[in-house]
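# Working through the structure, step by step
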Protein chains: 6
Amino acid sequence: MRTPGFSGADLANLLNEAAILAGRRGKQSISVKEIDDSIDRIVAGMEGTAMTDGKSKSLVAYHEVGHAICATLTPGHDPVQKITLLPRGQARGLTWFLPGQDPSLISKGQIFARIVGALGGRAAEEIVFGETEVTSGAASDLQQVTQIARQMVTAFGMSEIGPWALMDPVVQSSDVVLRMMARNSMSEKLLEDIDKTVKSITDKAYDMAKSHIRNNRAAMDKIVEVLLEKETLSGDEFRALLSEFREIPVDNKDVKATPVLAST
Amino acid sequence: MRTPGFSGADLANLLNEAAILAGRRGKQSISVKEIDDSIDRIVAGMEGTAMTDGKSKSLVAYHEVGHAICATLTPGHDPVQKITLLPRGQARGLTWFLPGQDPSLISKGQIFARIVGALGGRAAEEIVFGETEVTSGAASDLQQVTQIARQMVTAFGMSEIGPWALMDPVVQSSDVVLRMMARNSMSEKLLEDIDKTVKSITDKAYDMAKSHIRNNRAAMDKIVEVLLEKETLSGDEFRALLSEFREIPVDNKDVKATPVLAST
Amino acid sequence: MRTPGFSGADLANLLNEAAILAGRRGKQSISVKEIDDSIDRIVAGMEGTAMTDGKSKSLVAYHEVGHAICATLTPGHDPVQKITLLPRGQARGLTWFLPGQDPSLISKGQIFARIVGALGGRAAEEIVFGETEVTSGAASDLQQVTQIARQMVTAFGMSEIGPWALMDPVVQSSDVVLRMMARNSMSEKLLEDIDKTVKSITDKAYDMAKSHIRNNRAAMDKIVEVLLEKETLSGDEFRALLSEFREIPVDNKDVKATPVLAST
Amino acid sequence: MRTPGFSGADLANLLNEAAILAGRRGKQSISVKEIDDSIDRIVAGMEGTAMTDGKSKSLVAYHEVGHAICATLTPGHDPVQKITLLPRGQARGLTWFLPGQDPSLISKGQIFARIVGALGGRAAEEIVFGETEVTSGAASDLQQVTQIARQMVTAFGMSEIGPWALMDPVVQSSDVVLRMMARNSMSEKLLEDIDKTVKSITDKAYDMAKSHIRNNRAAMDKIVEVLLEKETLSGDEFRALLSEFREIPVDNKDVKATPVLAST
Amino acid sequence: MRTPGFSGADLANLLNEAAILAGRRGKQSISVKEIDDSIDRIVAGMEGTAMTDGKSKSLVAYHEVGHAICATLTPGHDPVQKITLLPRGQARGLTWFLPGQDPSLISKGQIFARIVGALGGRAAEEIVFGETEVTSGAASDLQQVTQIARQMVTAFGMSEIGPWALMDPVVQSSDVVLRMMARNSMSEKLLEDIDKTVKSITDKAYDMAKSHIRNNRAAMDKIVEVLLEKETLSGDEFRALLSEFREIPVDNKDVKATPVLAST
Amino acid sequence: MRTPGFSGADLANLLNEAAILAGRRGKQSISVKEIDDSIDRIVAGMEGTAMTDGKSKSLVAYHEVGHAICATLTPGHDPVQKITLLPRGQARGLTWFLPGQDPSLISKGQIFARIVGALGGRAAEEIVFGETEVTSGAASDLQQVTQIARQMVTAFGMSEIGPWALMDPVVQSSDVVLRMMARNSMSEKLLEDIDKTVKSITDKAYDMAKSHIRNNRAAMDKIVEVLLEKETLSGDEFRALLSEFREIPVDNKDVKATPVLAST
């Protein structure tokens with residue numbers, strides 16, 4: 001199931017999109033292909049055509065495979081669903097994951113794994129192309145990483161600062177004025193402790209991501225080679241390629257596609 | 001009596017809900033069962049069906065029993081009314097307490113006991129499953145804990161900072177701009193003292209909660225086992241199970257259900 | 001005269017209330033009793049019935065008598081007019097004072113006496129019941145204490161910070177934005193000096209309040225006993241009871257009720 | 001001339017008031033008396049009747065004579081026009097001064113003299129009645145003192161901080177938002193330097209005011225005695241009384257009433 | 001040309017003013033005199049009559065001549081166009097300068113010269129009359145000085161802080177909210193560095209201005225004497241008087257009035 | 001292609017402008033010349049006539065050639081398209097660059113090169129004319145430099161502060177209130193680290209720019225001489241002149257005009 005966060009209205013919208021797509025393709029009925037393409041389109045925007053070959057395309061490929069490898073090798077991460085170089089919206093490439101069964105009850109280990117996975121793209125850029133060649137393409141990864149790491153510290157009590165909600169509930173609010181207010185109740189000292197703790201989480205996760213990249217360079221080069229050729233890899237194709245080089249943690253395999261290996 | 005904070009309008013609404021429920025159940029009159037179910041529904045949202053068995057359900061069970069044990073073993077806490085694994089609203093499980101007679105006049109000891117009880121869920125997660133397995137499910141407990149501990153320090157004069165209202169009355173106000181204003185009259189030094197004091201309260205309470213969990217592990221395992229089986233335990237069933245392992249402070253027993261043991 | 005802060009409109013309203021009350025009581029004319037009851041109702045909200053006996057009621061009684069004793073024994077305080085356990089509005093008990101002749105020209109000594117009196121309730125809770133039993137019932141006393149002590153420092157030049165208005169006149173304004181502005185002109189250092197000075201005033205006053213309670217415990221126990229029995233004591237009844245145990249400073253006696261002892 | 005800051009419209013209004021007053025007094029034409037009374041009424045509110053005798057009235061008398069003496073003995077201050085115990089608006093007594101010829105071009109020395117004069121009331125309270133008896137009646141003096149001392153430092157470059165406008169022009173603006181903005185361009189260090197410098201100005205002025213009071217106690221007692229009797233003293237009457245005890249600086253005599261002594 | 005910053009609409013307005021003025025003077029056509037008077041009126045407000053003789057008038061004369069001398073002796077400053085004791089708007093005297101050819105491309109040296117010139121008035125007050133006699137009349141000079149010095153540091157990269165725009169472009173904006181925002185991106189440390197650097201610029205300029213005044217006291221006394229007599233001096237008259245005492249830097253002479261000496 | 005950032009609507013507008021221009025020039029059809037002129041006009045405002053000869057014009061010429069040389073000699077910078085002394089809008093001269101193929105995916109090296117290029121104008125002013133002669137004309141370069149350097153640190157994770165988004169996504173927002181909010185989540189310490197890091201980037205880039213100017217002074221003098229004569233130089237003309245003095249990095253040549261040298 002790829003629609004865990006969808007409301008009833010979202011699902012109705014999804015079926016409409018799929019029906020239109022099937023019509024355009026001259027089909028009599030909606031197949032799984034139309035559903036999948038419609039989900040992708042709703043979540044990430046319209047698909048474009050791949051970049052022309054060159055250093056940029058290669059960099060994007062390493063970036064995406066970096067996400068996929070770091071995610072797959074960090075226990076607790078959701079499994080890769082597919083990797084693609086077909087751009088959507090602002091993104092030049094995309095790695096998709098299948099969310100676990102209960103997305104609202106997530107453990108400290110799982111959250112940390114997500115941070116490692118999200119930093120896998122930048123880590124690959126830095127290790128493969130060198131520190132001067134890292135790109136602005138990681139900006140949205142970094143925003144996501146920072147937001148999650150902050151939540152660990154300030155909302156979930158998952159750091160050495162302790163089991164304390166460091167932000168008023170309102171900070172989580174979508175109301176801008178309410179979020180501004182949150183500053184009021186915290187001392188400069190506490191703000192600094194939060195910043196230090198968030199940084200120590202992201203530093204630790206980035207070190208782990210760079211280790212995964214360094215320790216799996218041969219696998220990475222191979223997978224990038226195939227991805228540049230095929231432009232899209234399914235989760236199973238990706239895992240098949242990776243498993244030629246090393247063992248994959250059982251947890252992070254695609255439980256739906258490979259039901260016999262369901263999480264123990 | 002389970003309705004201490006209800007207004008007349010709330011009570012009318014409650015009776016309506018109970019009447020509808022009795023009608024659905026084909027009953028001629030409203031019984032105590034309908035009243036109880038209606039109170040639960042009004043306070044915590046619609047009841048869902050329990051999670052399927054697995055690690056998550058077990059974690060939720062330990063979390064709820066953690067609340068119940070820490071609350072029951074800390075003198076001054078309201079007695080447990082029931083524990084359930086049937087989710088309501090956002091919550092995956094719930095522990096209900098019977099409020100004391102005069103909820104508006106609460107002592108320092110009673111407030112501290114509430115903090116210990118509220119941290120019992122997270123304490124159980126950490127002791128039983130390990131520090132990496134603690135979950136985002138404790139977020140609302142942490143918010144409640146922080147808010148109460150702050151009130152002890154800033155509004156009730158119940159800390160070493162002394163009998164001083166550290167916030168303008170307006171800070172308690174529901175008006176956002178007024179609450180923002182409160183910052184104006186406090187120095188950074190005072191904000192830092194408040195943060196330190198709030199943290200020392202929550203740290204002390206969390207240590208106490210972890211002690212209760214460690215010292216009552218056998219009782220906990222047994223109660224969780226029964227809860228996973230029955231999905232809901234009444235306060236009396238819970239106390240009966242717990243009293244097989246250890247004595248229960250007289251104060252925290254259900255005074256209504258056991259009138260002969262009324263608080264001395 | 002009990003109406004020093006009343007405007008003409010307030011007085012008209014007061015007479016209306018008193019007339020209605022006299023009508024309900026089947027009286028032909030308004031007596032002093034109706035006037036007095038109407039003043040109480042306008043100032044503090046509608047009267048309720050006393051709490052049932054128990055620890056809470058006893059705590060409230062000690063809290064109120066604590067106010068009355070600390071106020072009476074600190075020179076410069078307005079005299080007690082009555083003490084009651086009949087709740088009004090949010091308050092579970094009330095101690096009333098007769099304001100002096102010129103409420104707008106108040107000396108440093110008189111302001112400090114008000115702070116001691118306002119802290120008398122909490123001081124009694126702490127000395128009589130112990131530090132863990134102090135209650136949230138003192139919250140409004142603490143707000144009042146903090147606001148007055150701040151004014152001594154920031155508006156009246158009555159502290160070692162010197163004869164300096166530490167707040168823009170606008171800070172006293174009822175306009176929220178103007179009050180927020182006041183922050184602008186003060187350095188963090190000055191804000192910290194203000195906080196320290198306000199704290200030293202409230203600490204000194206709380207120590208004095210606790211001394212009064214400790215040094216007059218026998219009188220207090222006796223007065224509480226009578227108050228629990230009669231539920232309301234007039235200022236003269238209170239002073240008669242207290243004078244069995246110790247002398248009362250001349251200033252703080254009820255000048256109206258005892259004109260021969262009028263302040264020298 | 002007592003109307004230096006009056007606009008044409010103000011003058012028209014003044015004449016109207018004086019005409020009404022003359023009518024009420026059964027006069028055929030407006031005399032200087034009506035003009036003077038109308039100016040007082042427009043500037044300070046309606047005149048009331050004097051307080052009844054007692055400690056408060058005596059304190060007010062010393063407060064006003066304190067202003068008059070400190071102003072008269074500090075070179076550069078405008079001359080006293082009259083002292084009165086008849087209250088107006090919020091003020092329980094008033095000391096009036098005749099503004100100099102060019103109120104918009106004022107020197108550092110003249111500004112400092114104004115601060116000494118404004119602190120003379122509080123200084124008299126403290127020296128004559130003792131530190132515990134100082135009253136809230138000085139609040140508006142303190143606000144005026146602080147505002148003038150701040151201007152010396154932040155707008156007029158009249159302190160060791162140097163010839164630097166420490167506030168954006170907008171801070172002088174009557175627009176609240178613009179004034180809030182001024183904070184933006186200043187560091188905490190600069191704010192602290194401003195606060196220190198303002199405090200050192202007011203401390204120095206308060207010391208000078210207290211010296212004037214201590215060194216002229218006999219004159220003060222005499223002038224207060226006459227003031228309590230007559231309730232109002234003209235500037236000349238005041239200076240006549242004071243000159244029995246000591247010489248008066250030439251500058252601070254009333255230039256209009258004594259034209260032969262016009263400032264050299 | 002005296003109209004470098006005028007728009008087309010401004011010029012039309014100027015001609016209208018000049019036409020009205022010529023009409024009032026009974027002239028058939030607009031002469032240069034009407035144009036010049038109209039420019040003065042538009043830029044600085046309506047002309048009044050000079051102050052009566054006395055210390056204040058003398059102080060204003062020294063203040064204006066201070067501007068003229070400091071400006072003329074600091075290389076890079078625009079040349080003096082005229083000095084007058086006829087007040088306009090708030091100003092009691094005025095010194096006019098002829099702007100250079102390209103006012104939008106101004107060098108660090110030229111900006112510093114403007115600061116020295118603007119501080120020349122206060123410097124003359126302090127050196128000639130003494131530190132206690134400096135007046136509030138310099139307030140607008142100080143605002144101008146501070147604003148220019150800040151721009152050197154924060155917008156033009158003309159200080160040791162380096163070639164860095166320390167303010168968001170929006171800070172230069174006329175939109176108040178945008179300017180408030182600028183604070184957000186700067187640390188307290190950076191704000192403090194800015195304040196220190198601005199102060200070191202103004203201190204250095206004030207020292208230079210005071211040197212010019214001290215070193216040219218005889219010339220100054222002479223020019224003030226003539227100015228008090230004639231009430232207005234043209235730039236050429238001023239330079240003729242000054243050149244009797246010392247050489248004038250070529251740059252700062254009036255390039256229009258003396259075309260053969262055009263800047264090299 | 002010179003229109004990488006243009007939307008469909010922008011392109012339509014461009015063609016309209018070009019058609020009008022062709023009409024004015026009496027042409028039957030739009031040529032490349034009209035397109036180019038229209039792009040320049042849309043991006044930079046209306047073209048004016050060059051300044052008259054003199055020191056200012058020479059300074060502007062060195063400033064523009066400073067941009068062109070620093071940009072061309074820093075690997076990764078977009079190639080120069082043309083340099084002109086014909087002013088547009090506020091700018092007294094302009095250096096145009098041809099953007100690379102994928103402006104949204106930019107590397108750390110490319111961003112740093114842009115900072116060096118943008119500082120080349122001020123560097124030339126300082127080296128050629130001396131530190132006192134640097135002008136306010138660099139203000140918009142400094143704003144651009146600061147904004148880019150900040151993004152490297154706070155949005156792209158391209159500094160030693162690490163792969164962390166130091167600003168809430170909202171800070172990038174065009175909504176002012178949202179950007180103000182961003183301040184809330186950062187400690188003073190973090191703000192200071194950001195400022196330090198941004199400064200170290202701009203300092204390093206400015207040192208590199210000054211080196212380029214010092215090491216290529218002869219080439220610069222020659223190119224300025226030609227530019228003053230011809231008023232506009234194409235990228236190829238500029239590169240031809242520069243290559244008489246030194247080799248040009250392959251990357252920074254105009255890839256469109258010289259397709260055989262396309263980036264390797």
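Being a predicted model, the structure only gives us computed values, none of them experimental.

### Some details on the overall build of chain A
Along the backbone of chain A there are 9 helices and 3 strands. Going from the N terminus to the C terminus, chain A shows its helices and strands as α-α-α-β-β-α-α-α-α-α-β-α. Counting every position in chain A, which comprises 264 residues, the buried fraction comes to 53%. Summarising the internal contacts of chain A: among those between residues at least 6 apart in sequence, 67% fall at separations of at least 24. As displayed, chain A offers around 11,600 Å² of accessible surface, 53% of which is attributable to carbon and sulfur atoms.

### Considering the side chain of Lys 57 of chain D
Residues and elements named next belong to chain D. Residue position: Lys 57 is located in helix H3 (residues 55–73). A relative accessible area of 4% places Lys 57 in the buried class. Leaving out residues up to four positions away in the same chain, Lys 57 has contacts with Ala 50, Met 51, Thr 52, Leu 85, Leu 228 and Glu 231.

### Some thoughts on the nonpolar core
With 354 residues, the main nonpolar core has Ile 115 of chain A, Ile 115 of chain B, Ile 115 of chain C, Ile 115 of chain D, Ile 115 of chain E together with Ile 115 of chain F as its most contacted residues. Here Ile 115 of chain D is in contact with Val 145, Ile 148, Ala 149, Met 152, Ile 201 and Ala 205 of chain D, once residues within four sequence places are set aside.

### Side note on the packing of aromatic side chains
With the rule as written, the count across this model stands at 6 aromatic pairs over all chains. When the centroid spacing of 5.7 Å and the interplanar angle of 80 degrees are considered together, the rings of Tyr 62 of chain D and Phe 129 of chain D count as edge-to-face. Note that Tyr 62 of chain D is positioned in helix H3 and Phe 129 of chain D in helix H4 (residues 108–129), a separation of 67 residues in sequence. In this arrangement the basic side chain of Lys 204 of chain E is found over the ring face of Phe 112 of chain E, its NZ or CZ atom lying 5.0 Å from the centre.

### Observations regarding the sheet that holds strand E2 (residues 94–97) of chain F
Residue and element names in this part refer to chain F. Taken in spatial order, the 3 strands line up as E2-E1-E3 in an open sheet, and their pairing is antiparallel. In this open sheet, the two edge strands, each paired with only one partner strand, are E2 and strand E3 (232–234). Strand-to-strand, the axes of this sheet are offset by a mean angle of 10 degrees, without reference to chain direction. Judged from the 3 bridges that link them, strand E1 (residues 80–84) and E3 form a sheet pairing that is antiparallel. By the bridge assignment, Thr 84 is partnered in E3 with Thr 232. Against the sheet, helix H3 (residues 55–73) contacts E1 and E2, and its axis sits at roughly 25 degrees relative to E2.

### Some remarks on unusual backbone geometry
Residues and elements named next belong to chain B. With a phi close to 70 degrees, Glu 231 is a non-glycine residue in the positive phi region. Note on placement: Glu 231 falls in the loop between helix H8 (217–230) and strand E3 (232–234). Since its relative accessible area comes to 23%, Glu 231 is described here as partly exposed.

### Some details on the sheet that holds strand E1 (residues 80–84) of chain D
All names here are of chain D. What the 3 strands build is an open sheet, ordered E2-E1-E3; its pairing is antiparallel. Edge strands, defined here as strands with exactly one partner in the open sheet, are strand E2 (94–97) and strand E3 (232–234). Each neighbouring strand pair of the sheet contributes to a mean axis angle of 10 degrees, computed without reference to strand direction. Summarising the sheet, E1 and E2 pair through 4 bridges and their orientation is antiparallel. Paired with Val 80 across the two strands is Phe 97, which belongs to E2. Sheet strands in contact with helix H8 (residues 217–230) are E1 and E3, and its direction is about 120 degrees off that of E3. Contacting E1 and E3, helix H9 (residues 235–243) runs over the sheet at an angle of about 85 degrees to E3.

### Describing the domain arrangement of chain A
Accessible area lost on assembly of the parts is the figure often given for the size of an interface. All names here are of chain A. The assigned domain composition of chain A is domain 1 (9–44) and domain 2 (49–252). Across the contact, 6 residues belong to domain 1 and 6 residues belong to domain 2. Interface of domain 1 and domain 2: buried area, both sides summed, is about 430 Å²; carbon and sulfur atoms make up 50% of it. Run the count over domain 1 and domain 2 and you get 0 salt bridges. Between the two partners, domain 1 and domain 2, sit 0 residue pairs in polar contact (both at pLDDT 80 or more).

### A short note on the packing of helix H3 (residues 55–73) of chain A against helix H8 (residues 217–230) of chain A
A packed helix pair is summarised by two numbers, namely the angle formed by the two axes and the spacing between the axes. Residue and element names in this part refer to chain A. Orientation of H3 relative to H8, taken along the N-to-C sense of each, is 125 degrees, at an axis distance of 9 Å. Considered as vectors, H3 and H8 are oriented oblique to each other. For the pair H3 and H8, the crossing hand works out as right-handed. Contacts between H3 and H8 involve Lys 57, Ser 58, Ala 61, Tyr 62, Val 65, Gly 66 and Ile 69 on the former and, on the latter, Arg 217, Met 220, Asp 221, Ile 223, Val 224, Leu 227 and Leu 228. Tallied by class, residues from the contact of H3 with H8 come to 9 nonpolar, 2 polar and 3 charged.

Thresholds applied
- Residues numbered from 1 in each chain as written.
- Chains lettered and ligands numbered in written order.
- Predicted model: local features only at pLDDT ≥ 70, side-chain atom pairs only at ≥ 80, totals over all residues.
- Heavy atoms only, no water.
- Helix = DSSP H or I, 4+ residues; strand = E, 2+ residues; numbered from the N terminus.
- Buried < 20%, exposed > 50% of the residue type's maximum accessible area, 1.4 Å probe, protein only.
- Contact = heavy atoms within 4.5 Å.
- Areas by Shrake-Rupley, 256 points an atom, 1.4 Å probe, with all protein chains shown as cover.
- Core = buried A, V, L, I, M, F, W, Y, C linked by side-chain atoms within 4.5 Å.
- Phe/Tyr/Trp six-rings, centres within 6.5 Å; stacked < 30°, edge-to-face > 60°.
- Lys NZ or Arg CZ within 6 Å of the ring centre and 35° of its normal.
- Pairing = 2+ DSSP bridges.
- Axes fitted to C-alpha atoms, helices over the stretch in contact; angles between N-to-C directions.
- Domains from an automatic or database assignment.
- Buried area = accessible area lost by both parts, 1.4 Å probe.
- Salt bridge = Lys/Arg side-chain N within 4 Å of Asp/Glu carboxyl O.
- Polar contact = N/O pair within 3.5 Å; in protein donor to acceptor, adjacent residues only side chain to side chain.
- Parallel < 35°, antiparallel > 145°, perpendicular 65-115°, else oblique.
- Left-handed = near helix turned anticlockwise from the far one by under 90°.
- Nonpolar A, V, L, I, M, F, W, Y, C, P; charged D, E, K, R; others polar.

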